[in-house]
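Given next are the chains, with one letter for each unit.
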Amino acid sequence: MSATYPTSTLPFIGSEIEPDYTTAKVAILPIPYEATTTYRRGCVNGPSAILDASQQLECYDEELDRETGLEVGIYTHESIADTGNGKKILPLDMLKVTQETVEKLVNDGKFVIAIGGEHSITNGIVKAYQKIYLDEKFTVIQIDAHGDLRYEYEGSIYNHACVMRRIIEMGLPTIQIGIRAICKEEADLIKEKNLTVFRAREIAIQPDWIERAIASIQTQRVFLTIDLDGIDPTLIPGVGTPEPGGINWYSLTAFLRKLFELHEVIGCDIMELAPIVDSVVSEFTAAKLIYKLMGYQALAQGW
């Protein structure tokens, strides 16, 4: 059963951090949009659950030996494209408001971490960065259990199962990490286009996978999209389809820290949290992951 959270937007981490838009280097953008999930529903409640759980985070990061939030500032934007309480929003309207909001935040100098919501949202986020960087290519790094490479699913090309197909159609290079569930259409596309995929079963037995994944990135700039089902479901069971065999916490954070050190991460999103009643494990882990992302960016940028 999915847990339901109030739709009001709590500030990430809470009152410890002064949420001043002008000085904050990081912007958290909640996008509680859910329209096409096909198994366990509830990701519309993901952003609120993560923001609620973030109130319990320690501001001090023991790995980085710093109080990241206090040093960089975190502004939590109001929710956009909210389909809570039965509201209906057309996919193109969601993509439009997402693109416009991300563009404004980035143009105002913010490092944006969007939290969803279903994975189809990423299409609008990536479109914003593509417009900002015009003809300069960046790589979309996808951490996910699923390929999300279908041309269409259940009658829609904007289904969450199609998001990476739309991104490939934008002409952007992609690297997929943690993949362990695809259909034949997706398997054929991977072969046809020679897509770079690091499968979960390979990651589990190849200790050099991080070095090889980093070496496979051909652009300096990257965008990072994380579907939380890419992570071991014993760590984050609150997802739509908890596929066994995901990436473990320390392997994931080691990869992310190296990625931020060696490449310019232009933005991130965390998608598909569907909270579980009487458990806070998934949302707390997701909140901690978000704090890690901003910590690695702060370290890389010298903030």
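Positions within a chain are numbered from 1, following the residues in the order the chain's sequence is written. pLDDT decides what is reported in this predicted model: residues at 70 or higher carry local features, side-chain atom pairs at 80 or more are listed and counted, and totals for whole chains, interfaces and linings draw on all residues regardless. Hydrogens are left out, water is left out, and the side-chain values use all remaining heavy atoms of the structure.

Asker: Outline unusual backbone geometry, listing residues and values.
Answerer: Omega for the peptide link from G116 to G117 comes to 20 degrees, which places this bond in the cis form. Helix numbering and strand numbering both begin at the N terminus, where a helix is a DSSP run of H or I of at least 4 residues and a strand a DSSP run of E of at least 2. Position of G117 among the secondary structure elements: in the loop between β5 (111-116) and α4 (122-132).

Asker: Explain the sheet that holds strand β8 (residues 196-199) to me, using residue names and the numbers behind them.
Answerer: Sheets are built from strands paired through backbone hydrogen bonds, the pairs being either parallel or antiparallel. In short, DSSP must find at least two bridges between two strands for them to pair. Pairing is parallel across the open sheet formed by 8 strands, whose spatial order is β4-β1-β5-β10-β9-β6-β7-β8. Whereas interior strands pair on both sides, the edge strands pair on one side only; in this sheet they are β4 (74-76) and β8. For this sheet, the mean angle separating the axes of adjacent strands, direction not counted, is 15 degrees. Axes, fitted as lines to C-alpha atoms, cover a helix only where it is in contact. Angles between the N-to-C directions of the axes lie from 0 to 180 degrees.

Asker: Describe the nonpolar core, naming the residues involved and giving the relevant values.
Answerer: For the purposes of this section, nonpolar cores are sets of buried Ala, Val, Leu, Ile, Met, Phe, Trp, Tyr and Cys residues that join through side-chain atoms within 4.5 Å. In this scheme, a residue with accessible area under 20% of its type's maximum is buried, one over 50% is exposed, and one in between is partly exposed, where area comes from a 1.4 Å probe on protein chains only. F12, I28, I177, L224, L228 and F255 are the most contacted members of the largest nonpolar core, which has 55 residues in total. The greatest single-element share of this core, amounting to 9 residues, is contributed by helix α10 (residues 281-301). By definition, residues are in contact when any of their heavy atoms lie within 4.5 Å. Sequence-distant contacts of I177, that is, excluding residues within four places in its chain, are made with I141, Q142, I143, D144, F198, I203, W209, A213, I247 and F255. Residues V102, V126, M170 and L189 belong to the second largest nonpolar core, which totals 36 residues.

Asker: Talk me through helix α1 (residues 46-54); I want residue IDs and the actual numbers.
Answerer: A large share of α1 lies buried, amounting to 8 of its 9 residues. Buried positions along α1 lie against β1 (26-31), β4, β5 and α10.

Asker: Can you tell me about the pattern of salt bridges, naming the residues and giving the values?
Answerer: Any carboxyl oxygen of Asp or Glu within 4 Å of a side-chain nitrogen of Lys or Arg constitutes a salt bridge here. Per the stated rule, a full pass over the model turns up 17 salt bridges. The salt bridge involving R212 is made with D208; its shortest N-O contact spans 3.3 Å. A single network of salt bridges, built from pairs that share partners, joins D61, E63, R257, K258, E261 and K292.

Asker: Mind laying out the pairing of β5, listing which residues take part and the relevant values?
Answerer: Taken across its 6 residues, β5 has 6 buried, putting it largely inside the fold. Residues F111, I113 and I115 of β5 are buried on one face, and the alternating residues V112, A114 and G116, pointing to the opposite face, are buried as well.

Asker: I'd like to hear about the packing of helix α9 (residues 249-262) against α10, residue by residue, with values.
Answerer: Contact geometry of α9 with α10 gives a least axis separation of 9 Å together with a crossing angle of 25 degrees. Taken together, the axes of α9 and α10 lie roughly parallel to each other. Seen along the crossing, α9 lies across α10 with a hand that is right-handed. In this structure, α9 uses W249, L252, T253, L256, R257 and F260 to contact α10, whose residues at the interface are T285, K288, L289, K292, L293, Y296, Q297, L299 and A300. Three classes are used, and their members are as follows: Ala, Val, Leu, Ile, Met, Phe, Trp, Tyr, Cys and Pro are nonpolar, Asp, Glu, Lys and Arg are charged, and the others, Gly among them, are polar. In the contact of α9 with α10, the residues fall into 9 nonpolar, 3 polar and 3 charged. An angle below 35 degrees is read as roughly parallel, one above 145 as roughly antiparallel, one from 65 to 115 as roughly perpendicular, and any other as oblique. Here is the rule for handedness: rotate from the far helix to the near one, and if that takes an anticlockwise turn smaller than a right angle the crossing is left-handed, while a clockwise turn gives right-handed.

Asker: How would you sum up the packing of aromatic side chains? Please name residues and give values.
Answerer: Stacked, edge-to-face and tilted are the three classes for Phe, Tyr and Trp ring pairs, Trp counted by its six-membered ring, which pair at centre distances within 6.5 Å; planes under 30 degrees apart are stacked, over 60 edge-to-face, the rest tilted. Summed over the entire model, instances satisfying the criterion amount to 7 aromatic pairs. Arranged with centres 6.5 Å apart and planes meeting at 70 degrees, the rings of F111 and F260 form a pair that is edge-to-face. With F111 in strand β5 and F260 in helix α9, the pair connects residues that are 149 residues apart, well separated along the chain. By relative accessible area, which is 2% here, F260 ends up buried. Both rings, one in Y129 and one in F223, keep their centres 5.4 Å apart while their planes meet at 45 degrees; by these two values the pair is tilted. Here F223 lies in strand β9 (residues 221-227) and Y129 lies in helix α4, a separation of 94 residues in the sequence. Across the pair, exposure class does not vary: Y129 and F223 are buried alike.

Function-wise, these values are silent; they only describe arrangement.
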